[in-house]
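Report on the structure
Below, each chain spelled out in residue letters.
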Amino acid sequence: MAGYASDWRNAYSGTPAAVVRPGGTEEVAAVVALCAEAGVAMVPQGGNTGLCGAAVPDHTGGQVVLSLTRMRRIRDVDLANQTITVEAGAVLKSVQAAAAAAGRLFPLSLGAEGSCTIGGNLATNAGGTGVLRYGTMRDLTLGLEVVLPDGRIWNGLRGLRKDNTGYDLKQLFIGAEGTLGVITAAVLKLFPAVRNRATAWIALPGPQAGIDLIGILREQAGDRLTGFEIMSRQSLGFVLRHASGARDPFGERHPWYALVELNDTLPAAGLDGVLESALGDAIGTGVVSDAVIASSPAQAAALWALREGISEAQNHEGPSLKHDVSVPVSRIPTFLARTDRALRELVPGIRIVTYGHVGDGNLHYNLSKPERSGDAEFQARAADLARVIYDATSACDGSISAEHGLGQSKRGIVADYKGRHELDLMRGLKQLFDPRGLMNPGKLLPD
Ligand code: FAD
Ligand code: 2HG
Ligand code: ZN
């Protein structure tokens, strides 16, 4: 059962009572009904790539892991309706491939796409690198099929873009981290296939320049701006040190970098020209220090690998204290300047690995220990460091979890950053859906 008992990073582990792998919705319902009858807690699990311990059971030996990974069928592709209906255990990459085979795009894209599942993407409201243009999983979902905590099946598999018949129940299960029921299938939106892309790696003097560049690109490329990722030199440095074949696109070091992607559905959209002209203007005004535009899909993939490799590379540098925050885009430069300073005062020599989906205001503000410091010594400071980051996030009207969720890691501390009435309503919903508290207990909600 080892693969189901701990997460991708081995940061969280537990002791399952059993691992159950149903092959269809009726089987999920039967398992859930049996667990409910016996009063046994359940932990829904997909690809187990989550980063906050939400898919891992506790240590009591009393929780059943309910793995959806056998349920991976593509049930339907409806081209006229621009939808795809898939089972919850389908791996994201296979859903992207099924859409492509039908001449369409399913736009959710993230580093774990070869292993994470649609059920996990829904339960965490996954974001990733295409949110700027296509939105998060909430925006990409039209309908759900869910097994409720008592074993009843709710068939909400409606492929409708308009439906004003009351509360939008599917949105409650999205982002619920498996605490309200088990998602077994979903109707997802498809988009026209992308036929033209332009990708650039850009050197920036600082985060403010990144924000200015987003403005220039929005003005000149409109909604062709699909991805805008930012990375500090520290983040790129880890990738260059640990990822095989990684190469710095520039001869000299720069403090910050951006990775930009434009896309279009027209084959001859001339995106390289649009990007070249916008970057030329940005270089002229000192917003951008240097830039390279990928001249082939292989080169674009190599640039994306530098970005996607940060998470893995940081694992080689000892414990990575992850903070997945969002603040309004306009406040990012001030937020970073103040918080970087406060963190360095608290732990001199700390290595701050800042990167992420800055176009969405979402930063992965991850911390590595100072060179030559011990793992345990650094871990002992984790709570103090998190407090500095979350207080600063809150002061900027931000969120302490932009995309990974609360799971085990942030469920306690969230109580300090959400209003009492909001938490009361959340607890009320949990009580309504799962009065006996059997669905993924110990996750998301504070005690
Ligand atoms: P799991 O880890 O198995 O589960 C996650 C949560 O969903 C748990 O609470 C679990 O109980 C619940 N769950 C799973 N399946 C179901 C179901 N069928 N019904 C109800 N609840 C269910 N996330 C982002 O948002 N953006 C990123 O860019 C991103 N990049 C990543 C890069 C790497 C290298 C890694 C390792 C992770 C990344 N993640 C990212 C985090 C993670 O991949 C996502 O949260 C993903 O959506 C989790 O999917 P999963 O199938 O692995 O879910
Ligand atoms: C990403 O954007 C992921 O690369 C993972 O959300 C971030 O590992 C992390 O902290
Ligand atoms: Zn991310």
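Just above, that's the structure.
The following refers to the structure shown.

1. What about the coordination of the zinc ion (ligand 3)?
Four donors placed tetrahedrally about a metal ideally form angles of 109.5 degrees, and six donors placed octahedrally ideally form angles of 90 or 180 degrees. Of the protein atoms, only His357 (NE2), His364 (NE2) and Glu403 (OE) coordinate the zinc ion (ligand 3), at distances of 1.8 to 2.1 Å. In the primary sequence, the donor residues of the zinc ion (ligand 3) line up as H-x6-H-x38-E. In this pair, His364 sits in strand 17 (residues 362-368) while Glu403 sits in the loop between helix 15 (382-395) and helix 16 (420-433), placing the two residues 39 residues apart along the sequence. Both residues of the pair, His364 and Glu403, count as buried.

2. Looking at the pattern of salt bridges
Per the counting criterion, the structure on display carries 21 salt bridges. In this structure, the salt-bridge partner of Arg152 is Asp150, at a minimum N-O distance of 2.8 Å. According to the relative accessible area criterion, Asp150 is partly exposed, its value standing at 41%. Note that Asp434 is salt-bridged to Lys430, the shortest N-O span being 2.8 Å. The buried category is assigned to Asp434, whose relative accessible area is 3%. Three or more residues joined by partner-sharing salt bridges are found here, namely Arg73, Arg75, Glu87 and Glu145.

3. Re the site of ligand 1
Around ligand 1 sit 35 residues, and of these Pro44, Gly46, Gly47, Thr49 and Thr117 come closest. At 2.6 Å from an oxygen atom of ligand 1 is found a main-chain nitrogen or oxygen belonging to Pro44. One of the backbone nitrogen or oxygen atoms of Asn48 is found 2.8 Å away from an oxygen atom of ligand 1. Out of a free accessible area of 980 Å², ligand 1 has 95% covered by protein chains. Within the residue set of the shell around ligand 1, elements represented by two or more residues are strand 2 (41-45), helix 4 (118-123) and strand 9 (182-189). The element that contributes the greatest number of residues to the shell around ligand 1 is helix 4, accounting for 4 residues. Of the residues assigned to the shell around ligand 1, the class counts are 14 nonpolar, 19 polar and 2 charged.

4. Overview of unusual backbone geometry
One non-glycine residue with positive phi stands out, namely Glu177, at about 55 degrees. Structurally, the position occupied by Glu177 is in the loop between helix 7 (170-173) and strand 9. Since its relative accessible area comes to 7%, Glu177 is described here as buried. Although it is not a glycine, Asp397 sits at a positive phi angle of roughly 60 degrees. Residue placement: Asp397 occurs in the loop between helix 15 and helix 16.

5. Topic: the site of ligand 2
Near ligand 2 the following residues occur: Leu51, Arg307, Ser311, Lys322, Tyr355, His357, His364, Asn366, Glu403 and His404. Ser311 places a side-chain nitrogen or oxygen 2.4 Å from an oxygen atom of ligand 2. Expressed as a share of its isolated accessible area of 300 Å², the protein-covered part of ligand 2 is 87%.

6. Re helix 2 (residues 25-38)
The terminal C-alpha atoms of helix 2, which comprises 14 residues, lie 20 Å apart, in line with the 20 Å expected from a rise of 1.5 Å per residue. The set of residues buried in helix 2 consists of Thr25, Val28, Ala29, Val31, Val32, Cys35 and Ala36. One side of helix 2 carries all its buried residues, which in axial view fall inside an arc of 165 degrees. Relative to its buried face, helix 2 has exposed residues pointing more than 90 degrees away, namely Glu26, Leu34, Glu37 and Ala38. Gly39 occupies a position one or two residues after helix 2 and carries a positive phi of about 70 degrees.

7. Details of the nonpolar core
Formed by 52 residues in total, the largest nonpolar core has its most connected members in Ile202, Leu204, Leu213, Phe335 and Leu367. For this core, the elements supplying multiple residues, two or more each, are strand 11 (196-204), helix 8 (207-221), strand 12 (225-232), strand 13 (256-264), helix 10 (271-284), helix 13 (332-346), strand 17 and helix 15. For this core, the element with the most residues is helix 8, which contributes 7 residues. Residues Ala99, Trp154, Leu188 and Leu438 belong to the second largest nonpolar core, which totals 48 residues.

8. A few points about the sheet that holds strand 11
Spatially, 7 strands are ordered 14-11-13-12-16-17-15 in an open sheet, and the strand pairing comes out antiparallel. Among the strands making up the open sheet, the edge pair consists of strand 14 (290-293) and strand 15 (324-326). When the angles between neighbouring strand axes are averaged without regard to direction, this sheet yields 20 degrees. Relative to strand 13, strand 12 runs antiparallel, the two being bridged by 7 bridges. Across the sheet, residue Leu225 finds its bridge partner in strand 13, namely Leu262. Helix 8 contacts strand 11, strand 12 and strand 13 of the sheet and is inclined by roughly 170 degrees relative to strand 12. Along the sheet face, helix 11 (residues 297-308) touches strand 11, strand 12, strand 13, strand 14, strand 16 (351-356) and strand 17 and points at about 50 degrees away from the line of strand 11.

9. So, a nonpolar patch on the surface
Together, Ile74, Val77 and Leu79 make up an exposed nonpolar region whose accessible area comes to about 200 Å². Residue position: Ile74 is located in strand 4 (residues 74-78).

10. Some details on helix 16
For helix 16, spanning 14 residues, the distance from its first C-alpha to its last is 20 Å, which sits close to the expected 20 Å at 1.5 Å a residue. Among the structural elements, helix 7 are those in contact with the buried residues of helix 16.

About the thresholds
Residues numbered from 1 in each chain as written. Chains lettered and ligands numbered in written order. Predicted model: local features only at pLDDT ≥ 70, side-chain atom pairs only at ≥ 80, totals over all residues. Heavy atoms only, no water. Donors = N, O, S within 2.8 Å, 3.2 Å for Na, K, Ca; no water. Helix = DSSP H or I, 4+ residues; strand = E, 2+ residues; numbered from the N terminus. Buried < 20%, exposed > 50% of the residue type's maximum accessible area, 1.4 Å probe, protein only. Salt bridge = Lys/Arg side-chain N within 4 Å of Asp/Glu carboxyl O. Near = heavy atom within 4 Å. Polar contact = N/O pair within 3.5 Å; in protein donor to acceptor, adjacent residues only side chain to side chain. Areas by Shrake-Rupley, 256 points an atom, 1.4 Å probe, with all protein chains shown as cover. Nonpolar A, V, L, I, M, F, W, Y, C, P; charged D, E, K, R; others polar. Expected span 1.5 Å × (residues − 1). Arc of directions from axis to C-beta. Core = buried A, V, L, I, M, F, W, Y, C linked by side-chain atoms within 4.5 Å. Pairing = 2+ DSSP bridges. Axes fitted to C-alpha atoms, helices over the stretch in contact; angles between N-to-C directions. Contact = heavy atoms within 4.5 Å. Patch = residues over 30% accessible without salt bridge, like charges linked within 9 Å, V, L, I, M, F, W, Y side chains within 5 Å.

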